[in-house]
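One letter stands for each residue in the lines below.
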Amino acid sequence: MNRYKICTATADSLPLRKLLFFAMATLLFYTSGFSQREIPLNEEKVDSIIHSLDTLGTQAKKVKLLTSTAGQNRYTPVTRKLIDKALEISESANDYKLLAHSHYSLGNYHYFNSKTDSCLSSLDRASNYLKDVSDPLLEASVLSTRG
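Because the structure is predicted, anything quoted here is derived from the model rather than measured.

About the thresholds
Residues numbered from 1 in each chain as written. Predicted model: local features only at pLDDT ≥ 70, side-chain atom pairs only at ≥ 80, totals over all residues. Heavy atoms only, no water. Helix = DSSP H or I, 4+ residues; strand = E, 2+ residues; numbered from the N terminus. Buried < 20%, exposed > 50% of the residue type's maximum accessible area, 1.4 Å probe, protein only. Contact = heavy atoms within 4.5 Å. Areas by Shrake-Rupley, 256 points an atom, 1.4 Å probe, with all protein chains shown as cover. Expected span 1.5 Å × (residues − 1). Salt bridge = Lys/Arg side-chain N within 4 Å of Asp/Glu carboxyl O. Core = buried A, V, L, I, M, F, W, Y, C linked by side-chain atoms within 4.5 Å. Phe/Tyr/Trp six-rings, centres within 6.5 Å; stacked < 30°, edge-to-face > 60°. Lys, Arg positive; Asp, Glu negative; His and termini not counted.

Student: Please set out the overall build of the chain residue by residue, giving values where relevant.
Tutor: Helix and strand counts for the chain stand at seven helices and zero strands. Going from N to C terminus, the chain has its helices and strands arranged as α-α-α-α-α-α-α. Of all 147 residues assigned to the chain, the portion counted as buried reaches 29%. Across the chain, contacts joining residues at least 24 apart in sequence account for 52% of those joining residues at least 6 apart. With an accessible surface of roughly 10500 Å², the chain has 57% of that area assigned to carbon and sulfur atoms.

Student: Tell me about helix H3 (residues 59–72), and name the residues and values.
Tutor: Taking 1.5 Å of rise per residue, 14 residues should cover 20 Å, and H3 covers 20 Å from first to last C-alpha, within 8% of that figure. Within H3, the full set of buried residues consists of Lys62, Val63, Leu66, Thr67, Thr69, Ala70 and Gly71. Close packing links the buried residues of H3 with helix H2 (43–51), helix H4 (80–93) and helix H5 (96–112). Following H3 by one or two positions, Arg74 adopts a phi angle in the positive range, close to 55°.

Student: Account for the pattern of salt bridges, with residues named and values stated.
Tutor: For the structure shown, the criterion picks out five salt bridges. Close ionic contact of Lys81 with Glu43 constitutes a salt bridge, the shortest N to O distance being 3.9 Å. Within this pair, whereas Lys81 is found in helix H4, its partner Glu43 is found in helix H2, the two being separated by 38 residues in sequence. The closest approach of N and O atoms between Lys81 and Asp47, which form a salt bridge, is 2.5 Å.

Student: Tell me what's going on with the nonpolar core, and back it up with residues and numbers.
Tutor: Among the nonpolar cores identified, the biggest contains 12 residues, and these are Leu41, Val46, Ile49, Ile50, Leu53, Val63, Leu66, Val78, Leu82, Ala86, Ile89 and Leu98. Counting only elements with at least two residues in this core, the list comes to H2, H3 and H4. Once you skip the residues sitting within four places of it in the chain, Val78 turns out to touch Leu41, Asn42, Glu43 and Val46. If you look at the next biggest cluster of nonpolar residues, it comprises eight residues, including Cys119, Ala126, Leu130 and Val142.

Student: I'd love a proper account of helix H6 (residues 116–130), names of residues and values included.
Tutor: Helix length check: H6, at 15 residues, gives a terminal C-alpha distance of 21 Å against a target of 21 Å (1.5 Å per residue), a fit within 8%. Where H6 is buried, its residues contact H5 and helix H7 (136–146).

Student: Which residues make up the packing of aromatic side chains, and what values go with them?
Tutor: Summed over all chains, the structure comprises three aromatic pairs. Where Tyr75 meets Phe112, the ring centres are 5.3 Å apart and the plane angle is 40°; that geometry is what we call tilted. In this pair, Tyr75 sits in the loop between H3 and H4 while Phe112 sits in helix H5, placing the two residues 37 residues apart along the sequence. Residue Phe112 is classed as partly exposed on the basis of its relative accessible area of 41%.

Student: Can you explain unusual backbone geometry? Please cite residues and give values.
Tutor: With the exception of glycine, the majority of residues adopt a negative phi angle, and the majority of peptide bonds are in the trans configuration. The backbone phi angle of Asn94 is positive, close to 50°, even though this residue is not glycine. With respect to the element layout, Asn94 can be found in the loop between H4 and H5.

Student: Describe the side chain of Asp135, listing the residues and the values that go with them.
Tutor: By secondary structure assignment, the location of Asp135 is in the loop between H6 and H7. Salt bridges are absent for the buried Asp135, whose nearest opposite-charge side chain, Lys97, sits at 4.0 Å.

Student: Provide a residue-level description of the side chain of His103, including the pertinent values.
Tutor: By the element assignment, His103 lies in helix H5. Contacts of His103, omitting those with residues within four sequence positions, involve Leu87, Ser122, Arg125, Ala126 and Tyr129.

Structure (C-alpha cells):
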C-alpha cells in the first residue's frame, strides 16, 4: 500500500524523455545564436558612423566610438577607415591619450590582420604617447598585446 511512487518513468519512456530534452536544448541553442547575430559592418555603415560623429560632443567620445566599433567588429579590413578617422581626430586635437588609444587600436588592427611588424610599430607609438599621460589600463593592454 505505497501511496507515493518514487519513480514514474519506465524503462521504455526514459530514452524518449532524453531525446525530447536533447531536441529542445538543441533548438534553444540554435535560435539563441541567431538572436545574437549582428549585421556585418560594411562601407555604408562605416560612412554612416563617420558622418554621425558631429552629434558627439568631445573628441574623446568620437575616438572612443570609432575605436570601439572597430574592436567590436574584430578589426576587419573595412574597420581601417574608422581607425584612420580616429587617428585624424586625435592628431588634430594633439591629445596624447587619444593618440595612444588610436595607435593601440591600429596595432590591434594589424595584429588581427597578421601584420606583426606594423602591429609592433603601432604599439610602440602608443607606448611613447603613454609616457606623457597616465592611463594604467591602456598601458597594461599595450604591454599584454605586445607580449
